[in-house]
Number of protein chains: 2
Amino acid sequence: MADSRPPAKPMTYAGAGVDIDAGDRMVNLIEHHMRRTYGPRVLGKHGAFAGCFRLDFNERLFQRNYRDPVLVSCTDGVGTKVKLAAQMNIHDTVGQDLVAMNVNDLIVQGAEPLFFLDYIGIHKLTPELAAAIVKGVADGCELAGCALLGGETAEMPDVYAEGDFDLAGFAVGVCEMNRMIDGSRTEPGDVILGLASSGVHSNGYSLVRAVIKEAGLDLNKVYDELETDEPLGRVLLEPTRIYAKSVVSTLRHYTVKQVVSAMSHITGGGMVDNIPRTLGDTLDAVIDRKSWDVPPIFKLLQQRGNVEEDEMLRVFNMGVGYILTVRPYFAEAIADRLAKAGETVYRLGELVPGSGEVKFR
Amino acid sequence: MADSRPPAKPMTYAGAGVDIDAGDRMVNLIEHHMRRTYGPRVLGKHGAFAGCFRLDFNERLFQRNYRDPVLVSCTDGVGTKVKLAAQMNIHDTVGQDLVAMNVNDLIVQGAEPLFFLDYIGIHKLTPELAAAIVKGVADGCELAGCALLGGETAEMPDVYAEGDFDLAGFAVGVCEMNRMIDGSRTEPGDVILGLASSGVHSNGYSLVRAVIKEAGLDLNKVYDELETDEPLGRVLLEPTRIYAKSVVSTLRHYTVKQVVSAMSHITGGGMVDNIPRTLGDTLDAVIDRKSWDVPPIFKLLQQRGNVEEDEMLRVFNMGVGYILTVRPYFAEAIADRLAKAGETVYRLGELVPGSGEVKFR
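In what follows, the accompanying structure is described. Just so you know, these numbers come straight off a predicted model, no measurement behind them.

1. Quick word on the sheet that holds strand β8 (residues 260-265) of chain A
Residues and elements named next belong to chain A.
And step 1. Pairing within the open sheet is mixed, and its six strands lie in the order β8-β10-β7-β11-β9-β12. On the outer flanks of this sheet lie β8 and β12 (358-360), each paired with one strand and no other. Between one strand axis and the next, the sheet turns through 25 degrees on average, direction left out of account.
And step 2. Bridge count for β8 against strand β10 (residues 320-326) is five bridges, and the pairing is antiparallel. The residue of β10 that forms the bridge with V260 is V326.
And step 3. In the packing of helix α11 (residues 331-340) onto the sheet, the strands contacted are β7 (191-196), β8, β10 and β11 (345-353), and the crossing angle to β7 comes to about 10 degrees.

2. Observations regarding the relation of the copies chain B and chain A
Relating one copy of the chain to the other requires a rotation about an axis plus a shift along that axis.
And step 1. Of the two same-sequence chains, chain B is brought onto chain A (RMSD 0.0 Å, axial shift 0.0 Å) by a rotation of 180 degrees. In short, the pair behaves as if placed about a two-fold rotation axis.
And step 2. Of the interface residues in chain B, 99% have counterparts in chain A that sit at the interface too, so the contact is made through matching surfaces.

3. Some thoughts on the sheet that holds strand β9 (residues 283-287) of chain B
Residues and elements named next belong to chain B.
And step 1. Read across the open sheet, the six strands follow the order β8-β10-β7-β11-β9-β12; overall the sheet is mixed. If you trace the sheet from one side to the other, it starts and ends with β8 (260-265) and β12 (358-360), each paired once. The average angle at which neighbouring strand axes cross in this sheet is 25 degrees, direction not considered.
And step 2. Of the pairings in the sheet, the one linking β9 to β12 comprises three bridges and is parallel in character. Note that in β12 the partner of I287 across the bridge is F360.
And step 3. Across the sheet, helix α11 (residues 331-340) lies against β7 (191-196), β8, β10 (320-326) and β11 (345-353), angled at about 10 degrees from β7, the strand it touches most.

4. Side note on the environment of R54(B)
And step 1. Mapped onto the elements, R54(B) comes out in strand β2 (residues 51-54).
And step 2. Accessibility expressed as a relative area gives 10% for R54(B), which makes it buried.
And step 3. Sequence separation between R54(B) and K9(B) is 45 residues; the distance between their C-alpha atoms is 50 Å.
And step 4. For R54(B), the side chain forms a polar contact with the side chain of D68(A), separated by 2.7 Å.

Reading the values: the criteria
Residues numbered from 1 in each chain as written. Chains lettered and ligands numbered in written order. Predicted model: local features only at pLDDT ≥ 70, side-chain atom pairs only at ≥ 80, totals over all residues. Heavy atoms only, no water. Pairing = 2+ DSSP bridges. Helix = DSSP H or I, 4+ residues; strand = E, 2+ residues; numbered from the N terminus. Axes fitted to C-alpha atoms, helices over the stretch in contact; angles between N-to-C directions. Contact = heavy atoms within 4.5 Å. Least-squares fit on C-alpha atoms with pLDDT ≥ 70 in both. Buried < 20%, exposed > 50% of the residue type's maximum accessible area, 1.4 Å probe, protein only. Polar contact = N/O pair within 3.5 Å; in protein donor to acceptor, adjacent residues only side chain to side chain.

Put into structure tokens, the structure is as follows:
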């Protein structure tokens, strides 16, 4: 064996496939995207090993000191939606999905998003491709009102196949301790409001892709039943809606009364699994099946894939991406406020005594 | 084409390859690992969509309120070290690497690590395998004194090949605004202290793996020159040392004087690239090549791979994983303190007027 014989030509890091220049080029391409998400709370430190974010300003003009701050944090990816993006060669939309999946989880606890970081694992670092992904992340951060504080791009040709990549995101928010929302205040009679989703969002793509394959659907074809000029692949890549600004501004409006008793981000598991996460075990959510519009994309997937109704409701958001349960007296005012902030609001049903389940009627 | 013909058998999420039960089993397996990293600042919320961490305690006993808190945050992976772990079928060590790569970056700014989150992208969710990875992450969090606040495991058989996975980590720390360290206080005459690494840490594995392949090294063989009974693969998987506790306790000891002028975590780029990141452009770091011990693993890689000395110094930590530049008057006291905290400390050299370069002599 060659065991004891060193290679004649000196080995180098570059020779092992790591292109440091490409990394530098990428940094140049993404810097302005990161900067447009910065507010005065981001501290720019040259050569910093980590991003720095000032929690409070002691200056009188900017003061919004927290008495008892709770940091709220979560991580998530966008699942196999990345595979669809790679297939369609559209890379500037999944970044928004990544931010959405995380900040929509943060705000459930009543938190205000502060900052975000992204991790990109990729076969080969094409600066332009990675920059397109980060552009989408920055778009999402702007929509969420948080700073893109840092990120990492790891080139790993032996882990990711050619053209493939994966995304992970991390979000941090803050909430005043006594304003946290954890569902412990839910009561019978609370009204369930649903906010419209922008499409499939970022869950269930393994089933989506299986249906496409099984039913022989064409990602580049325009399907009449989707009621749009966009091809199927574009409709499926529609970025996940970010509910942060509308929800946070609504919560802020009610500074004394706590009118929102619980919230849920509708992700994998659909309404069936996600609403009970904040319900407790003495209430049921009764939801009127006709109270919201199911977007055409779900009807196409259900019909072409011969997917049963129950399975659809358990895998997809079916048109409702975010849920708030609110005190009945305030329901209409809150719905109006959310609608004015740009949301499509459905009055889905109410909470009744029960055992922590969702019941469709 | 099958375009208009839905499959006869109803399609399901499980049928598309997503095993929800495996996810539940994994949650059961990792819960006690997460719990052992919890302190009183972690708020346990059943069904929470995000992890919650209390920044301060207003209660008198626990009060350590920050006057002007800066949140410090970063994200990193462990590079192709995951590939080596997969190859060796050893999964409970790379989690510590993941924590190390992140918290060692955090503390460079003077921050105290608060909490950590991990993302695992994997071909197939074997609960036991994923739990082994998370066990390593929890080990790392205990060593760093931070809470493992959350995580996500994404099963993506179409992105990751069989047996493969990737890891991304995310750390958040806090620093008092006027105690931040950014290298702006460095002065000529400052002494450069180096802390010994535990081995290759988590950088340069693309070159490591190229050398192994090119020189025909055997991961399962014990090499005499490594001066250990452990096979090469085990030596290469030695987890990255976590410097958080010793560095943070040293910084905390000097509450008034700011005796540490800059720090660097030695990662990709070695001392050559990482020390200048906090030097500024009017100082050089002069380092005595004989002032520290180069561990046997680097000598083996250099010799078997015929890698030039300069390249070694630019890719690997070469035995020094962390750098502090300190005021000369305090150098010995700080070195003693770090040694008592368990570090092997080298006095590497000093800062001199220059242009932001590292010069070996």
